[in-house]
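# Architecture and fold: a report
The lines below spell out each chain.
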Amino acid sequence: MRKWYIGKADAIREKHEAILVTSKKDWTHFTHDFKTGDEIFLQRVAFGSSLPEFFSVTEPLREDVGEWLSVQPALRYVELHAADACNLNCRACSHFAPLFPKQAYSEVAQILQDVKELNRLFPYVRHIRILGGEPLLNPHILDVVTGIRQLYRESRLSIVTNGLLLEKLGREFADILVENRAELMITCYPPIKSVVKAAAERFRSWNVPTFVSPETAYFHLFLKEKGESGFSSCTIKGCYFLRNGTLWRCALSALIGVYNNAFSMKFPTEQGIRLTEHENAFSVLSKLSHEGKLCYYCQDDGYLMPWMTTTSPAAEDWIHGTKEHE
Ligand code: SF4
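### Considerations on the overall build of the protein
Assigned secondary structure in the protein consists of 7 helices and 13 strands. By the burial criterion, 36% of the 326 residues in the protein qualify as buried. Contacts in the protein between residues at least 24 apart in sequence constitute 71% of all its contacts with a sequence separation of at least 6.

### Digging into the site of the ligand
Every one of the 15 residues lining the ligand counts as a neighbour, but Gly230, Cys234, Cys250, Cys295 and Cys298 are closest to it. The residue inventory of the shell around the ligand, partitioned by class, reads 9 nonpolar, 2 polar and 4 charged.

### Description of the confidence of the model for the protein
In the predicted model, the protein carries a mean pLDDT of 81, and 75% of its residues have values of at least 70. This model gives residues 7-31 a pLDDT under 50, and the stretch forms 48 contacts once residues within four places in sequence are excluded. Scored below 50 in pLDDT, residues 60-68 shows 13 contacts in the model against residues more than four places distant or in partner chains.

### Observations concerning helix H7 (residues 281-288)
Those residues of H7 not exposed but buried are Ala281, Val284, Leu285 and Leu288. Seen from one end, H7 has its buried residues packed into an arc of 95°, which puts them on one side.

### Quick word on the packing of helix H2 (residues 108-121) against helix H3 (residues 141-151)
The interhelical angle for the contact between H2 and H3, taken along N-to-C directions, is 15°, at an axis separation of 10 Å. One element, H2, and the other, H3, form an angle in the roughly parallel class. Regarding H2 and H3, the two cross each other, and that crossing is right-handed. Two secondary-structure elements touch here, H2 through Val108, Ile111, Leu112, Val115, Lys116 and Asn119 and H3 through Asp143, Val144, Gly147, Ile148 and Leu151. Among the residues making up the contact of H2 with H3, the classes are represented as 7 nonpolar, 2 polar and 2 charged.

### Considerations on the nonpolar core
Core analysis: the biggest nonpolar cluster contains 72 residues, and Val78, Leu118, Leu223, Tyr240, Leu247 and Leu252 have the highest contact counts within it. The greatest single-element share of this core, amounting to 6 residues, is contributed by helix H6 (residues 251-263). Dropping the residues within four chain positions of it, tyrosine 240 is found in contact with Leu75, Tyr77, Val78, Leu247, Trp248, Arg249 and Leu288.

### Examining unusual backbone geometry
Excluding glycine, residues mostly carry a negative phi; peptide bonds, for their part, are mostly trans. A positive phi angle, close to 60°, is found at asparagine 89, a residue other than glycine. Position of asparagine 89 relative to the elements: it lies in the loop between strand S4 (68-81) and H2. C-beta crowding within 10 Å serves as the criterion here: with 19 such atoms nearby, asparagine 89 is assigned to the partly exposed category. The backbone of asparagine 207 shows a phi angle near 70°, a positive value even though the residue is not glycine.

### Re helix H5 (residues 193-205)
The first and last C-alpha atoms of H5 sit 18 Å apart over 13 residues, in line with the 18 Å expected at 1.5 Å per residue. Along H5, the residues that are buried comprise Val196, Ala199 and Phe203. In a view along the axis of H5, the buried residues occupy a sector of 60°, so they form one face of it. Those residues of H5 that are exposed and aimed more than 90 degrees away from the buried face are Ser194, Ala198, Glu201 and Ser205. In the core, the buried residues of H5 are packed alongside helix H4 (171-179), strand S7 (182-186) and strand S8 (210-212). The positive-phi residue at the C-terminal boundary of H5 is asparagine 207, with phi of around 70°.

### Considerations on the environment of arginine 274
Among the structural elements, arginine 274 can be located in strand S12 (residues 273-274). Assessed through the 12 C-beta atoms surrounding it within 10 Å, arginine 274 is described here as exposed. Spatially, the C-alpha atom of arginine 274 lies 9.6 Å from that of glutamate 117, the residues being 157 residues apart in sequence. When near neighbours in sequence (up to four residues on either side) are disregarded, arginine 274 contacts Gly245 and Thr246.

The rules behind each value
Residues numbered from 1 in each chain as written. Predicted model: local features only at pLDDT ≥ 70, side-chain atom pairs only at ≥ 80, totals over all residues. Helix = DSSP H or I, 4+ residues; strand = E, 2+ residues; numbered from the N terminus. Buried ≥ 20, exposed ≤ 12 C-beta atoms within 10 Å, placed from the backbone. Contact = placed C-beta atoms within 7 Å. Near = placed C-beta within 6 Å. Nonpolar A, V, L, I, M, F, W, Y, C, P; charged D, E, K, R; others polar. pLDDT = per-residue confidence, 0-100. Arc of directions from axis to C-beta. Axes fitted to C-alpha atoms, helices over the stretch in contact; angles between N-to-C directions. Parallel < 35°, antiparallel > 145°, perpendicular 65-115°, else oblique. Left-handed = near helix turned anticlockwise from the far one by under 90°. Core = buried A, V, L, I, M, F, W, Y, C linked by C-beta atoms within 7 Å. Expected span 1.5 Å × (residues − 1).

Written out as C-alpha coordinates, the structure reads:
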(Lines give C-alpha, C1' and ligand atoms only; values in the text may rest on other atoms or scores of the structure.)
Protein backbone atom coordinates (compact mmCIF):
# COMPACT_ATOMS: atom_id res chain seq x y z
CA MET A 1 0.00 0.00 0.00
CA ARG A 2 1.27 3.45 -0.78
CA LYS A 3 0.48 6.78 0.76
CA TRP A 4 -0.39 9.59 -1.54
CA TYR A 5 -0.33 13.26 -0.94
CA ILE A 6 -3.55 15.07 -1.48
CA GLY A 7 -2.99 18.67 -2.24
CA LYS A 8 -2.13 21.09 -4.96
CA ALA A 9 0.08 19.68 -7.67
CA ASP A 10 2.52 22.53 -7.90
CA ALA A 11 3.23 22.45 -4.20
CA ILE A 12 4.10 18.80 -4.09
CA ARG A 13 5.45 17.94 -7.51
CA GLU A 14 9.03 18.38 -6.46
CA LYS A 15 8.56 16.72 -3.13
CA HIS A 16 6.94 13.45 -4.09
CA GLU A 17 7.25 10.72 -6.64
CA ALA A 18 3.64 11.02 -7.58
CA ILE A 19 0.86 13.09 -6.83
CA LEU A 20 -2.00 14.75 -6.44
CA VAL A 21 -5.29 16.24 -6.36
CA THR A 22 -8.66 14.81 -6.57
CA SER A 23 -12.15 14.20 -5.42
CA LYS A 24 -14.64 11.37 -5.07
CA LYS A 25 -16.67 10.75 -8.21
CA ASP A 26 -15.87 13.90 -10.05
CA TRP A 27 -12.21 14.81 -10.07
CA THR A 28 -12.90 18.42 -10.91
CA HIS A 29 -14.31 18.93 -7.43
CA PHE A 30 -11.65 18.76 -4.83
CA THR A 31 -12.52 17.42 -1.42
CA HIS A 32 -10.69 16.10 1.61
CA ASP A 33 -13.62 14.14 2.86
CA PHE A 34 -12.46 10.59 2.06
CA LYS A 35 -13.61 7.38 3.69
CA THR A 36 -12.46 3.78 3.23
CA GLY A 37 -13.92 2.39 0.03
CA ASP A 38 -14.30 5.76 -1.64
CA GLU A 39 -13.37 5.94 -5.29
CA ILE A 40 -10.96 8.66 -6.16
CA PHE A 41 -8.96 9.89 -9.10
CA LEU A 42 -5.34 10.86 -8.87
CA GLN A 43 -3.56 12.61 -11.64
CA ARG A 44 -0.07 11.26 -11.91
CA VAL A 45 1.85 14.36 -12.78
CA ALA A 46 5.22 12.89 -11.96
CA PHE A 47 4.73 10.12 -14.52
CA GLY A 48 4.00 12.68 -17.19
CA SER A 49 0.52 11.41 -17.73
CA SER A 50 -2.40 13.71 -18.25
CA LEU A 51 -4.74 10.81 -17.65
CA PRO A 52 -6.25 10.69 -14.18
CA GLU A 53 -5.84 7.25 -12.69
CA PHE A 54 -8.47 5.61 -10.58
CA PHE A 55 -7.84 4.33 -7.07
CA SER A 56 -9.81 3.09 -4.14
CA VAL A 57 -9.20 4.33 -0.62
CA THR A 58 -7.94 1.60 1.70
CA GLU A 59 -7.46 3.62 4.84
CA PRO A 60 -9.42 6.56 6.07
CA LEU A 61 -7.65 9.74 6.80
CA ARG A 62 -6.62 9.88 10.43
CA GLU A 63 -3.85 12.26 11.25
CA ASP A 64 -2.91 15.15 9.04
CA VAL A 65 -6.36 15.27 7.62
CA GLY A 66 -6.19 16.59 4.13
CA GLU A 67 -2.62 15.54 3.57
CA TRP A 68 -2.10 11.80 3.41
CA LEU A 69 -4.19 8.97 2.18
CA SER A 70 -3.54 5.26 1.68
CA VAL A 71 -4.76 4.05 -1.65
CA GLN A 72 -4.74 0.93 -3.74
CA PRO A 73 -4.39 1.25 -7.49
CA ALA A 74 -7.40 0.25 -9.47
CA LEU A 75 -8.10 0.02 -13.14
CA ARG A 76 -10.84 2.13 -14.54
CA TYR A 77 -11.30 -0.16 -17.49
CA VAL A 78 -10.17 -3.41 -19.02
CA GLU A 79 -11.42 -5.34 -22.04
CA LEU A 80 -10.86 -8.89 -23.26
CA HIS A 81 -11.97 -11.14 -26.08
CA ALA A 82 -14.36 -14.02 -25.59
CA ALA A 83 -14.08 -14.66 -29.34
CA ASP A 84 -11.60 -13.39 -31.93
CA ALA A 85 -13.80 -14.12 -34.94
CA CYS A 86 -16.94 -12.22 -35.91
CA ASN A 87 -20.15 -12.94 -37.77
CA LEU A 88 -20.26 -9.46 -39.28
CA ASN A 89 -16.62 -8.68 -40.21
CA CYS A 90 -16.48 -4.93 -40.45
CA ARG A 91 -13.88 -3.57 -42.78
CA ALA A 92 -11.08 -1.88 -40.78
CA CYS A 93 -12.17 -3.56 -37.53
CA SER A 94 -9.75 -2.25 -34.92
CA HIS A 95 -9.59 -5.74 -33.37
CA PHE A 96 -8.80 -7.33 -36.76
CA ALA A 97 -11.71 -9.76 -36.50
CA PRO A 98 -11.87 -10.46 -40.29
CA LEU A 99 -8.33 -11.85 -40.09
CA PHE A 100 -9.12 -14.58 -37.56
CA PRO A 101 -10.35 -18.08 -38.50
CA LYS A 102 -14.13 -18.40 -38.37
CA GLN A 103 -14.22 -20.59 -35.27
CA ALA A 104 -11.70 -18.57 -33.25
CA TYR A 105 -12.95 -18.18 -29.73
CA SER A 106 -11.00 -18.00 -26.52
CA GLU A 107 -10.84 -20.87 -24.03
CA VAL A 108 -12.75 -20.09 -20.86
CA ALA A 109 -9.95 -21.50 -18.70
CA GLN A 110 -7.41 -19.16 -20.29
CA ILE A 111 -9.69 -16.12 -19.95
CA LEU A 112 -10.37 -16.82 -16.29
CA GLN A 113 -6.70 -17.49 -15.60
CA ASP A 114 -5.93 -14.08 -17.12
CA VAL A 115 -8.62 -12.41 -15.04
CA LYS A 116 -7.35 -14.14 -11.90
CA GLU A 117 -3.86 -12.86 -12.57
CA LEU A 118 -5.25 -9.37 -13.13
CA ASN A 119 -7.19 -9.65 -9.88
CA ARG A 120 -3.99 -10.41 -7.96
CA LEU A 121 -2.59 -7.01 -8.95
CA PHE A 122 -5.80 -5.06 -9.35
CA PRO A 123 -8.52 -6.32 -7.01
CA TYR A 124 -10.75 -3.53 -8.20
CA VAL A 125 -11.57 -2.79 -11.83
CA ARG A 126 -14.33 -0.34 -12.43
CA HIS A 127 -15.54 -1.56 -15.82
CA ILE A 128 -14.81 -4.88 -17.56
CA ARG A 129 -15.97 -5.35 -21.13
CA ILE A 130 -16.14 -8.75 -22.80
CA LEU A 131 -15.90 -8.33 -26.53
CA GLY A 132 -14.27 -9.64 -29.70
CA GLY A 133 -14.84 -10.31 -32.59
CA GLU A 134 -18.34 -11.25 -31.60
CA PRO A 135 -18.27 -12.55 -28.01
CA LEU A 136 -21.58 -14.39 -28.33
CA LEU A 137 -19.91 -16.75 -30.82
CA ASN A 138 -18.21 -18.29 -27.83
CA PRO A 139 -20.55 -21.13 -26.80
CA HIS A 140 -19.27 -20.80 -23.23
CA ILE A 141 -19.85 -17.07 -22.91
CA LEU A 142 -21.96 -17.48 -19.76
CA ASP A 143 -19.10 -19.35 -18.06
CA VAL A 144 -16.93 -16.35 -18.87
CA VAL A 145 -19.49 -14.00 -17.34
CA THR A 146 -20.01 -16.02 -14.17
CA GLY A 147 -16.28 -16.64 -13.75
CA ILE A 148 -15.43 -12.95 -14.03
CA ARG A 149 -18.25 -11.99 -11.67
CA GLN A 150 -16.90 -14.35 -9.01
CA LEU A 151 -13.56 -12.56 -9.13
CA TYR A 152 -14.93 -9.06 -9.50
CA ARG A 153 -18.02 -8.69 -7.33
CA GLU A 154 -18.33 -4.92 -7.69
CA SER A 155 -17.24 -4.15 -11.23
CA ARG A 156 -19.52 -3.03 -13.99
CA LEU A 157 -19.54 -6.00 -16.38
CA SER A 158 -20.60 -5.69 -20.01
CA ILE A 159 -20.84 -7.89 -23.06
CA VAL A 160 -20.22 -5.81 -26.17
CA THR A 161 -22.02 -7.40 -29.10
CA ASN A 162 -23.27 -6.60 -32.60
CA GLY A 163 -26.55 -8.14 -31.44
CA LEU A 164 -27.05 -10.53 -34.34
CA LEU A 165 -27.07 -13.64 -32.16
CA LEU A 166 -29.40 -12.20 -29.53
CA GLU A 167 -32.36 -13.29 -31.62
CA LYS A 168 -31.51 -16.90 -30.81
CA LEU A 169 -31.05 -16.36 -27.09
CA GLY A 170 -33.93 -16.50 -24.68
CA ARG A 171 -35.02 -16.00 -21.12
CA GLU A 172 -32.63 -18.54 -19.63
CA PHE A 173 -29.65 -16.67 -21.04
CA ALA A 174 -31.09 -13.37 -19.82
CA ASP A 175 -31.64 -14.72 -16.31
CA ILE A 176 -27.99 -15.66 -15.96
CA LEU A 177 -26.97 -12.17 -17.06
CA VAL A 178 -29.31 -10.70 -14.46
CA GLU A 179 -27.99 -13.07 -11.76
CA ASN A 180 -24.47 -11.91 -12.53
CA ARG A 181 -25.36 -8.24 -12.88
CA ALA A 182 -24.03 -8.23 -16.44
CA GLU A 183 -25.28 -5.86 -19.11
CA LEU A 184 -25.46 -5.85 -22.88
CA MET A 185 -23.88 -3.09 -24.96
CA ILE A 186 -25.03 -3.42 -28.54
CA THR A 187 -23.14 -1.67 -31.31
CA CYS A 188 -25.73 -0.67 -33.85
CA TYR A 189 -24.66 -1.14 -37.49
CA PRO A 190 -26.91 0.21 -40.27
CA PRO A 191 -28.27 -2.95 -41.96
CA ILE A 192 -29.17 -4.76 -38.75
CA LYS A 193 -30.49 -1.93 -36.63
CA SER A 194 -34.12 -3.07 -36.62
CA VAL A 195 -33.11 -6.61 -35.64
CA VAL A 196 -30.92 -5.46 -32.76
CA LYS A 197 -33.38 -2.87 -31.52
CA ALA A 198 -36.06 -5.56 -31.27
CA ALA A 199 -33.63 -7.88 -29.47
CA ALA A 200 -32.68 -5.06 -27.10
CA GLU A 201 -36.34 -4.54 -26.19
CA ARG A 202 -36.72 -8.23 -25.43
CA PHE A 203 -33.69 -8.29 -23.14
CA ARG A 204 -34.82 -5.11 -21.40
CA SER A 205 -38.18 -6.72 -20.74
CA TRP A 206 -36.23 -9.50 -18.99
CA ASN A 207 -34.48 -6.90 -16.80
CA VAL A 208 -31.10 -7.06 -18.49
CA PRO A 209 -29.60 -3.55 -18.65
CA THR A 210 -29.25 -3.16 -22.40
CA PHE A 211 -27.72 -0.22 -24.24
CA VAL A 212 -27.77 0.35 -27.98
CA SER A 213 -25.10 2.64 -29.42
CA PRO A 214 -25.95 5.39 -31.88
CA GLU A 215 -25.85 4.03 -35.41
CA THR A 216 -22.24 3.42 -36.50
CA ALA A 217 -22.06 4.92 -39.96
CA TYR A 218 -18.27 5.46 -40.07
CA PHE A 219 -15.19 3.59 -38.92
CA HIS A 220 -11.90 5.08 -37.85
CA LEU A 221 -8.79 4.09 -39.75
CA PHE A 222 -6.05 3.83 -37.19
CA LEU A 223 -2.94 2.89 -39.12
CA LYS A 224 -0.83 5.38 -41.03
CA GLU A 225 2.71 5.89 -42.30
CA LYS A 226 5.14 6.73 -39.50
CA GLY A 227 4.48 10.26 -38.25
CA GLU A 228 3.67 12.07 -35.07
CA SER A 229 2.59 9.93 -32.17
CA GLY A 230 -1.18 9.65 -31.86
CA PHE A 231 -0.90 8.96 -28.14
CA SER A 232 -1.54 12.45 -26.77
CA SER A 233 -4.90 12.70 -28.55
CA CYS A 234 -5.73 9.01 -28.37
CA THR A 235 -9.33 8.39 -27.38
CA ILE A 236 -8.50 4.72 -26.74
CA LYS A 237 -6.03 5.72 -24.02
CA GLY A 238 -6.86 3.83 -20.86
CA CYS A 239 -8.71 1.06 -22.73
CA TYR A 240 -6.39 -1.66 -21.48
CA PHE A 241 -6.59 -5.04 -23.17
CA LEU A 242 -6.08 -8.37 -21.40
CA ARG A 243 -4.97 -11.46 -23.30
CA ASN A 244 -2.81 -14.50 -22.55
CA GLY A 245 -1.63 -13.30 -19.17
CA THR A 246 -0.60 -9.96 -20.60
CA LEU A 247 -1.98 -6.46 -20.21
CA TRP A 248 -1.65 -4.11 -23.17
CA ARG A 249 -2.01 -0.38 -23.66
CA CYS A 250 -4.76 -1.02 -26.20
CA ALA A 251 -6.19 -3.84 -28.33
CA LEU A 252 -4.38 -2.50 -31.38
CA SER A 253 -0.98 -2.94 -29.75
CA ALA A 254 -1.93 -6.45 -28.63
CA LEU A 255 -3.25 -7.59 -32.00
CA ILE A 256 -1.09 -5.78 -34.56
CA GLY A 257 0.95 -8.98 -35.00
CA VAL A 258 -2.13 -10.65 -36.49
CA TYR A 259 -2.30 -7.93 -39.14
CA ASN A 260 1.47 -8.08 -39.76
CA ASN A 261 1.30 -11.85 -40.26
CA ALA A 262 -1.70 -11.70 -42.56
CA PHE A 263 -0.18 -9.15 -44.92
CA SER A 264 3.59 -9.43 -44.32
CA MET A 265 3.63 -5.97 -42.78
CA LYS A 266 6.11 -4.63 -40.26
CA PHE A 267 4.24 -2.36 -37.89
CA PRO A 268 6.01 -2.30 -34.50
CA THR A 269 4.98 -5.05 -32.14
CA GLU A 270 5.25 -4.97 -28.36
CA GLN A 271 5.54 -7.54 -25.63
CA GLY A 272 2.84 -6.07 -23.38
CA ILE A 273 3.10 -6.45 -19.61
CA ARG A 274 3.28 -10.04 -18.40
CA LEU A 275 1.25 -9.91 -15.21
CA THR A 276 3.02 -12.87 -13.59
CA GLU A 277 6.27 -10.93 -13.75
CA HIS A 278 4.94 -8.06 -11.67
CA GLU A 279 4.27 -7.70 -7.98
CA ASN A 280 3.64 -4.00 -8.01
CA ALA A 281 0.49 -2.65 -9.60
CA PHE A 282 1.88 0.89 -9.47
CA SER A 283 4.72 -0.07 -11.81
CA VAL A 284 2.21 -1.71 -14.18
CA LEU A 285 0.16 1.48 -14.26
CA SER A 286 3.26 3.51 -14.85
CA LYS A 287 4.27 1.41 -17.86
CA LEU A 288 0.77 1.53 -19.32
CA SER A 289 0.69 5.31 -19.15
CA HIS A 290 3.47 5.71 -21.71
CA GLU A 291 3.22 5.65 -25.47
CA GLY A 292 4.63 2.75 -27.49
CA LYS A 293 6.35 2.59 -30.87
CA LEU A 294 3.06 1.72 -32.55
CA CYS A 295 1.60 5.06 -31.45
CA TYR A 296 3.78 6.70 -34.13
CA TYR A 297 1.87 4.72 -36.75
CA CYS A 298 -1.53 5.32 -35.27
CA GLN A 299 -4.08 8.09 -35.24
CA ASP A 300 -7.66 7.73 -34.19
CA ASP A 301 -8.93 11.26 -34.60
CA GLY A 302 -10.54 12.07 -37.85
CA TYR A 303 -9.62 9.39 -40.39
CA LEU A 304 -13.01 7.98 -41.17
CA MET A 305 -14.45 5.76 -43.85
CA PRO A 306 -18.05 4.69 -44.37
CA TRP A 307 -18.86 1.56 -42.41
CA MET A 308 -19.02 -1.63 -44.47
CA THR A 309 -18.34 -5.32 -44.08
CA THR A 310 -15.73 -7.34 -45.92
CA THR A 311 -15.35 -10.93 -47.11
CA SER A 312 -11.92 -10.37 -48.63
CA PRO A 313 -9.89 -8.18 -46.29
CA ALA A 314 -6.85 -6.42 -47.73
CA ALA A 315 -3.93 -4.66 -46.04
CA GLU A 316 -5.12 -1.25 -47.27
CA ASP A 317 -8.43 -1.64 -45.48
CA TRP A 318 -6.74 -0.55 -42.27
CA ILE A 319 -4.39 2.19 -43.50
CA HIS A 320 -5.31 5.80 -43.83
CA GLY A 321 -4.21 7.49 -47.02
CA THR A 322 -4.50 4.54 -49.37
CA LYS A 323 -6.36 5.35 -52.56
CA GLU A 324 -9.66 3.74 -51.74
CA HIS A 325 -10.14 5.85 -48.63
CA GLU A 326 -9.52 9.26 -50.13
S1 SF4 B 1 -1.36 2.46 -30.58
FE2 SF4 B 1 -1.17 4.25 -29.22
S3 SF4 B 1 -2.28 5.90 -30.25
FE4 SF4 B 1 -2.94 3.95 -31.18
S5 SF4 B 1 -4.79 3.30 -30.07
FE6 SF4 B 1 -3.02 2.34 -29.07
S7 SF4 B 1 -2.44 3.78 -27.40
FE8 SF4 B 1 -3.76 4.91 -28.83
